[in-house]
Amino acid sequence: TKGLPDDCYELTTLRKFRDEYLSKQECGKCEIAHYYQVAPAIVKIITAGNDRSVVFCKIYDELVLPCIKMIESYDMAGAHNLYRNYVRALEKQYLNN
């Protein structure tokens, strides 16, 4: 939606967070696996909707940018909590989980 390259700052920062912080937390690998299990289904449902650009921009503004700011401020726990809660909310909204 944003037209950013796969190696943009945001994705590079989030991947580093995943690999260097989240994967080392208790249940971190489980959370990562869960994300890769549910994210494609959530994205598919959002993409099929007429408001997909609005929804993806909202996710970018409410999840991606705040997580990046927290990571830059070394608030890894805050970024982790926001990520976990936001993904859970997306699951409830789009997958009824």
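We now turn to the structure provided with this report. The residue count restarts for each chain, going from 1 along the sequence in the order it is written. Reporting in this predicted model follows two pLDDT cut-offs: at least 70 for local features of residues, and 80 or more for side-chain atom pairs to be given and counted; totals over whole chains, interfaces and linings ignore these cut-offs and use all residues. Calculated side-chain values reflect all of the structure's heavy atoms, with hydrogen atoms and water omitted.

Some thoughts on unusual backbone geometry
Filter applied, for reference: We count a stretch as a helix when DSSP gives it H or I for four or more residues in a row; a strand needs E for two or more, and each element gets its number in order from the N terminus. Only protein chains enter the calculation, and the probe is 1.4 Å; a residue is then buried if its accessible area is under 20% of its type maximum, exposed if over 50%, and partly exposed in between.
The phi torsion at Cys27 lies on the positive side, around 65°, for a residue other than glycine. Mapped onto the secondary structure, Cys27 falls in the loop between helix H1 (9-20) and helix H2 (28-48). For Cys27, a relative accessible area of 48% gives the class partly exposed. In this structure, Tyr74 is a non-glycine residue whose phi angle is positive, near 65°. By secondary structure assignment, the location of Tyr74 is in the loop between helix H3 (52-72) and helix H4 (76-95).

Section: the pattern of salt bridges
This is how it is decided: Salt bridges are counted wherever a side-chain nitrogen of Lys or Arg sits within 4 Å of a carboxyl oxygen of Asp or Glu.
For the structure on display, the rule yields 3 salt bridges. Ionic pairing is found between Asp6 and Arg15, a salt bridge with its closest N-O pair at 2.8 Å. With its nearest N and O atoms 2.7 Å apart, the salt bridge here joins Arg18 to Asp19. According to the relative accessible area criterion, Arg18 is partly exposed, its value standing at 23%. Overall, the relative accessible area of 43% leaves Asp19 in the partly exposed class.

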